[in-house]
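Inside the fold
Each chain, written out:
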Amino acid sequence: MNFEEILQHEIRETQDSTVRDAMEYSLMAGGKRIRPVLLYEVLKGYGIDPALGDHFASAIEMIHTYSLIHDDLPAMDNDDLRRGKPTCHKQFDEATAILAGDGLLTYAFEEAAKTNAEPSLVLEGIRILSQMAGPEGMVYGQCLDMAEETGRTDWDALKKVHKYKTGCLLSAPLMIGAVLSGHREETAAWHEAGDLIGLAFQVQDDVLDATKTADELGKSNSDERNEKVTSVSLMGIDEAVKTMNELYDLAADKIRGFRDFSSVSLIGVLKGIQSRSK
Ligand code: GRG
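The structure contained in this document is the topic of the report that follows. The residue numbers shown here count from 1 along each chain, following its written sequence. Only residues with pLDDT of at least 70 are given local features in this predicted model, and only at 80 or more are side-chain atom pairs given and counted; all residues enter the totals for whole chains, interfaces and linings. Working from all heavy atoms in the structure, the side-chain values ignore hydrogens and water.

As for helix H4 (residues 54-72)
End to end, H4 covers 27 Å across 19 residues, agreeing with the expected 27 Å (1.5 Å per residue, within 8%). The classification of residues rests on relative accessible area computed with a 1.4 Å probe and restricted to protein chains. Under 20% of the type maximum is buried, over 50% is exposed, and intermediate values are partly exposed. Counting from the N terminus, the helices are the DSSP runs of H or I reaching at least four residues and the strands are the DSSP runs of E reaching at least two. Burial analysis of H4 places 18 of its 19 residues in the buried class, the great majority of the element. Helix span, expected: 1.5 Å multiplied by one less than the number of residues in the helix.

Some details on helix H7 (residues 119-133)
Over its 15 residues, H7 extends 21 Å from the first C-alpha to the last, a length consistent with the 21 Å expected when each residue adds 1.5 Å. Of all the residues in H7, the buried ones are Leu121, Val122, Glu124, Gly125, Ile128, Leu129, Met132 and Ala133. The buried residues of H7 all sit within an arc of 160 degrees when viewed along its axis, so they share a single face. Away from its buried face by more than 90 degrees, H7 exposes Pro119 and Leu123. Check the buried side of H7 and you find it contacts H4, helix H6 (94-113), helix H8 (138-146), helix H9 (155-180) and helix H10 (187-211). This arc corresponds to the set of directions leading from the helix axis out to the C-beta atoms. Contacts are assigned to residue pairs that have any heavy atoms within 4.5 Å of one another.

Quick look at the site of the ligand
Every one of the 17 residues lining the ligand counts as a neighbour, but Lys32, Arg35, His64, Ser67 and Arg83 are closest to it. Counted as a polar contact is a pair of N or O atoms within 3.5 Å, where, for protein atoms, one must be capable of donating a hydrogen and the other of accepting one, and residues adjacent in sequence contribute only when both atoms are in side chains. At 2.8 Å, a side-chain N or O of arginine 35 approaches an oxygen atom of the ligand. For the accessible areas, the method is Shrake-Rupley and the probe is 1.4 Å, while residue cover comes only from the protein chains on display. When the free accessible area of the ligand is taken as 710 Å², the share hidden by the protein chains comes to 91%. Two kinds of site are reported from a 1 Å grid over the protein atoms alone, namely cavities, where a 1.4 Å probe fits but cannot get out, and pockets, open sets with protein on both sides within 12 Å along at least five of seven lines, and residues are called lining when an atom falls within 4 Å of a point. More than half of a molecule's atoms lying within 2 Å of a cavity's or pocket's grid points is what places that molecule inside it. Judged by its atoms lying within 2 Å of the grid points, the ligand is housed in the largest pocket. Listed by contribution, the elements that provide at least two residues to the shell around the ligand are H4, H8, H9 and H10. Top contributing element to the shell around the ligand by residue count: H4, with 6 residues. Ten residue types, Ala, Val, Leu, Ile, Met, Phe, Trp, Tyr, Cys and Pro, are classed as nonpolar, four, Asp, Glu, Lys and Arg, as charged, and the remainder, Gly among them, as polar. Of the residues that constitute the shell around the ligand, the class distribution is 4 nonpolar, 7 polar and 6 charged. Here a residue counts as near a molecule or strand whenever at least one of its heavy atoms sits within 4 Å of it.

Spatial relationships are all this shows, so hold off on functional conclusions.
Have a look at this one:
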């Protein structure tokens, strides 16, 4: 089964319900699957069969999708368009979208626990996933972003928001890949690589938001509507593009430095992300 088939199969294991329809609707709406790809690439780089990461890759994509569903809700960014389709609460209703997010978040941990590896490695992977997604990670970033005083005031504050809100869930697959490959001692360094990728990815998102239409991106630009400070509004488009490229280069340098790791393929993927158009 390819990754799309795995995701669809796993979500259909849950009870037949409107919430399952909503989870499946958002999960299978055509995301770029960057986080799963990062996990598979770390396993491959360490010479491990990527199939070992199937359940964690699915879990991370479920958590990512939950975060998008909840972020789009009227109480948060109030967006109508996601992955080129009506957002979950527009397609279904608000209560169903809240439950779909809750369902994806919870089911993700059952999914991760199915991993057929040494139990202590699976447990450490689950701990990392929880830490990166929860109130020490992505949820903290979202909280910083929502608060006037801790939100996007200047570049340092913006970097902090992105480190948690975006970086943590991009670090998780890298760190979990290292753990499942038996390189637990490298998780802190992979976290640093993920932070760099996260910041680069977010600056790139700001550049794309400033230069492309909602139709081209398949999502609405709520930062502009909500008058949020972004890297482009702070430093201008040319400087933002320069910063983004520098950050991707720093991430690639960091990845080249890992011992016993064949970095060519992951760096190729990183170059692909750097040249993305949505
Ligand atoms: C609701 C707890 C909670 C957190 C929400 C993910 C998030 C935090 C907010 C979404 C808005 C945003 C700009 C997040 C930054 C991360 C980001 C750029 C997400 C989009 O990721 P892609 O481009 O999306 O990988 P696809 O659709 O391709 O999977």
